[in-house]
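Below are the chains, spelled out letter by letter.
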Amino acid sequence: MGKLFLMLSLAGLLFSCTTTTSPSETGSSYPEAVIFTDSDIPDTNSLIGERLPFPELFEPLTIVQQDGFIYLVNSDRAKNRISAYTSEGKWLRDFLSRGRGPGEVLGGRYLYFSALNNELVYTDFKQRKVLLYDTDSLRNSLNQIVNSPDLAAITIRPQHEIRLGDTPCWRSFPSRNEVFSLVLASDDAPLIVTNDKTGQVVRSFGAYPELAEPVGVQYLSQIFQCNAVVDSAVSRMAILYQSTDLIDIYDLKTGKRLHRRHGPSLFYPKFRCEQKGNAYPAFSINGETRDAYFVCVERGGLIWASYSGNAVSDKVQKIPYIYAFDWDGNPVMKLRLDQRILSFDVDPEHRQIYVLSYEDGLSYVYRYAY
């Protein structure tokens, strides 16, 4: 994955923002990090997937499975669509409308299942709001469509919508009384912001990892791009980073970081940082910048994350691994898949993984048993 975070044509000042220091006594240069390697993982398996008979897919970016249905979120920002299918690939209905009204969105791609309230959650980062779809209602509507395909009158709309005021949410996680948002601040502001259900900010906490060699705060959100998952049952959020194989786990009640795990390859972010006028872009370095964790989901009381470990290059990199961690950050499983992973979701009840893969400009859905 070539990471060109900001493209500008102006000439500017070039300097390094890499870290090259020696590991600490823990084996990591990150303070309080506990390292792990693949040798610490008790369960490692190679899986061969079954391609499901979905129609040709050109645009999906995210896959979610729930109650025997598959939901694909398209990547075309001009359309903003969720498509519902049976688990065997039969298209049922498109929903989600583009616009500024209730139930409409302008930008977002993150959809996930929240077991707390039995909902699908979609974050619109442009309008700073969250849409909530009750999965019982979804299942009933889709079952009606399966049994009577001519029921065009059935429309699917979110049951609830939460606006987050001025919070620059990237991905949001509603709990019973609050919404926790990963904000990807452009400086050293807190990573996590909590709003009440009226959109008022309640508190904020969390920070980007510390680098041994100082870097301007304007580069941090580019160097430490990340994703997150939440388990409301244990009141914890895990943040997984894309350019360093690091995981931070926070207590959502206290805002304190509980665990920091570094592994399995123990590498650090390496970028070329520039100043171009009032802009501060950071660029990946071919052969030196490495890809770590990408898509992550919470299922069955575990953190699941796709992982690369490869160095960035001009070629499309294969992301073949999925790691599973408990909520203390301990690795419990490593899976090697035979297809590229663009997105995935886990069905722990049936021990199946649904993977959105891609090849030659098309996307495909695979199912794996683990």
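Residues numbered from 1 in each chain as written. Predicted model: local features only at pLDDT ≥ 70, side-chain atom pairs only at ≥ 80, totals over all residues. Heavy atoms only, no water.

### Observations regarding the packing of aromatic side chains
Using the following cut-off: Put simply, two rings from Phe, Tyr or Trp (the six-membered ring, in Trp's case) pair if the centres are within 6.5 Å, and we call them stacked under 30 degrees between planes, edge-to-face over 60, tilted for the rest. Comment: elements are numbered from the N terminus, with helices defined as DSSP H or I runs of at least four residues and strands as E runs of at least two.
Taken as a whole and judged by the stated rule, the model has 17 aromatic pairs. Between Tyr-110 and Trp-170, the ring centres sit 5.7 Å apart and the planes meet at 75°, which makes this aromatic pair edge-to-face. On the criterion of sequence distance, the pair formed by Tyr-110 in the loop between strand 10 (104-105) and strand 11 (111-114) and Trp-170 in the loop between strand 14 (160-163) and strand 15 (171-174) is long-range, its members being 60 residues apart. A centroid spacing of 5.9 Å and a plane angle of 85° characterise the contact between Tyr-219 and Tyr-280, whose relative ring orientation is edge-to-face.

### So, the pairing of strand 23 (residues 271-275)
Selection criterion: Two strands qualify as a pair provided DSSP detects at least 2 bridges between them.
Across three bridges, strand 23 lies against strand 24 (residues 282-284) in antiparallel orientation. When the sheet's bridge partners are listed, Arg-272 is paired in strand 24 with Phe-283. Linking two consecutive strands that pair antiparallel, namely strand 23 and strand 24, is a turn of six residues; a positive phi of about 65° is found at Gly-277 within it.

### Considering the environment of Pro-55
Let me state the cut-off plainly: Contact definition: two residues touch when any of their heavy atoms are within 4.5 Å.
Assignment of secondary structure puts Pro-55 in the loop between strand 4 (50-51) and strand 5 (60-66). Separated by 34 residues in sequence, Pro-55 and Gly-89 have C-alpha atoms that sit 7.1 Å apart. In contact with Pro-55, other than residues within four places in its own chain, are Tyr-85 and Gly-89.

### Some remarks on the pattern of salt bridges
What counts is decided by this rule: Definition used for salt bridges: Asp or Glu carboxyl oxygen within 4 Å of a side-chain nitrogen of Lys or Arg. When a residue's accessible area, from a 1.4 Å probe over protein chains only, is under 20% of the maximum for its type it is buried; when over 50% it is exposed; and in between it is partly exposed.
Scanning the model with the defined rule gives 16 salt bridges in all. In this structure, Glu-210 and Arg-260 form a salt bridge, with 2.9 Å as the shortest nitrogen-oxygen distance. Of the two residues, Glu-210 sits in the loop between strand 18 (201-205) and helix 2 (220-223) while Arg-260 sits in strand 22 (residues 257-262), which places them 50 residues apart along the sequence. Residue Glu-210 is classed as partly exposed on the basis of its relative accessible area, which comes to 36%. Residue classification places Arg-260 among the buried residues on the basis of a relative accessible area of 3%. Ionic pairing is found between Glu-274 and Arg-272, a salt bridge with its closest N-O pair at 3.1 Å. Sharing partners across several salt bridges, the network here consists of Glu-50, Glu-88 and Arg-367.

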